[in-house]
Amino acid sequence: MKYAKIISFLIFIFIFQFSKAQENLDTLQHQLYEILEKEQYDTSTVEFVEYVFYENIDINNTRASEAAAIGLQIANNIGDSVLISRMQNLRGISILKQKTYFMATQIFFENYAVFRKYNSKKQMANTLLLIAQSYLEQGISDIAGDKVFDALDLYSKIDDSIGIAKSYLIFGTSYMLENENIAIDYFLQAKAIFARFANELYLAKTYSLLAKAYLELDRSDLSIEYLFDALSIFNSLQKQFYVAETYETIGDVYYYNEMLKQAQNNYHNAKQIFIKFEVLRKITEIDIKLARVLFASENYFLAATFADSARFNAELFNDYELLFKSYKILADAYVQINDMSKAEKYRSLYAEALINYYDDKSS
């Protein structure tokens, strides 16, 4: 009952804040083009470009990529090699978001060489974390760990506590599949640093990671507690994309505990935000999760409807992971509906997409 009241209050805040947050993003992008037209080429404008990039990267990669291109043009006009490589790193992050790992990693290594040449330790460390993130997403955790150790050494030398805390987050993430307790230790160390420096955004991100780790340990009580703490901070910061992601994770916790109605409500809250931001992949992921909830609720027709919506979107951008997940639910749902022709069709498509997914992942 306590959490239901909290959710109602947070939804009210979201409705009030969302249009303002979207308007702010549009204004930031417009200001970037004004800077370019007026040829305002200096270090402060490059820093503004970075701010606009990070405001957009999780929401709209196309806009983030535009910001990176503008930043690169400004840095080239200034003629500063370190600034140019900083902007190239933004381009690499945008490419990394598209899961084009080889190209992104190559960009990061090239920029690291520039930062090393000019002895820019902070940028060297930041780039090592990007390289580590790329390897981690590819499942190469040993190399990722080595890069984080190198970054941690550099952050320690320049007494960069926030950089150290961010390193702990990647360390923790790398241990999530092996040892959740070690992951939690790293997350708690990061949490203490972010709290000490009042870095609320990363504090909330750390809460979200702690929630996922505790869920793996079957501690849903602590998971939910951390998620509502994160939700409160993200709302106060007007970070609506992260609000949506947190609703999604709350839905995951409720689904794990077979609290299907609560899971459905939170997935719905997340989807409404993702729709307004037009984040198609996230919308598709939520439709798959809603289909699973509805299937578990024995509402097979509606489960098939959401799974088919996910299938349609996944086929648009040819995402094998989302395809095999949607095909699997469709096959299972049509078995329950007793439409064996469609069940066999989607079972065959599921097997094909699954093979393509693992072939693509290993290439």
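Our structure's up above, just so we're on the same page.
(A) Representation of the packing of helix α4 (residues 81-97) against helix α5 (residues 101-117). Interaxial distance between α4 and α5 falls to 9 Å at its minimum, and their mutual angle equals 165°. Classified by the interaxial angle, the pair formed by α4 and α5 is roughly antiparallel. The way α4 lies across α5 gives a crossing that is left-handed. Together, Ser81, Val82, Ser85, Arg86, Gln88, Asn89, Arg91, Gly92, Ile93, Ile95 and Leu96 of α4 and Tyr101, Met103, Ala104, Ile107, Phe108, Asn111, Val114 and Phe115 of α5 make up the contact between the two elements. Partitioned by chemical class, the residues of the contact of α4 with α5 number 11 nonpolar, six polar and two charged.

(B) Layout of the nonpolar core. Among the nonpolar cores identified, the biggest contains 93 residues, and Phe53, Tyr168 and Phe274 are the most heavily contacted of them. Among the nonpolar cores identified, the runner-up in size contains 19 residues, and Ala331, Ala343, Ala353 and Tyr357 belong to it.

(C) Representation of the environment of Ala104. Residue placement: Ala104 occurs in helix α5. Ala104 gets classed as buried once you look at its relative accessible area, which sits at 0%. Each C-alpha atom of the pair Ala104 and Ser94 lies 8.2 Å from the other, and the pair is 10 residues apart in sequence. Contact partners of Ala104, with chain neighbours within four places excluded, come to Gly92, Ile95 and Leu96.

(D) Geometry of the packing of aromatic side chains. If you walk through the whole model with that rule in mind, you get 17 aromatic pairs. Aromatic side chains Phe53 and Tyr54 sit 5.2 Å apart centroid to centroid with 90° between the ring planes, which places their arrangement in the edge-to-face category. Using a relative accessible area of 47% as the deciding quantity, one classes Tyr54 as partly exposed. Between Phe295 and Tyr300 the ring centres are 5.1 Å apart and the planes differ by 65°, which places this aromatic pair in the edge-to-face class. With relative accessibility at 26%, the residue Phe295 sits in the partly exposed group.

Definitions and cut-offs
- Residues numbered from 1 in each chain as written.
- Predicted model: local features only at pLDDT ≥ 70, side-chain atom pairs only at ≥ 80, totals over all residues.
- Heavy atoms only, no water.
- Axes fitted to C-alpha atoms, helices over the stretch in contact; angles between N-to-C directions.
- Helix = DSSP H or I, 4+ residues; strand = E, 2+ residues; numbered from the N terminus.
- Parallel < 35°, antiparallel > 145°, perpendicular 65-115°, else oblique.
- Left-handed = near helix turned anticlockwise from the far one by under 90°.
- Contact = heavy atoms within 4.5 Å.
- Nonpolar A, V, L, I, M, F, W, Y, C, P; charged D, E, K, R; others polar.
- Core = buried A, V, L, I, M, F, W, Y, C linked by side-chain atoms within 4.5 Å.
- Buried < 20%, exposed > 50% of the residue type's maximum accessible area, 1.4 Å probe, protein only.
- Phe/Tyr/Trp six-rings, centres within 6.5 Å; stacked < 30°, edge-to-face > 60°.

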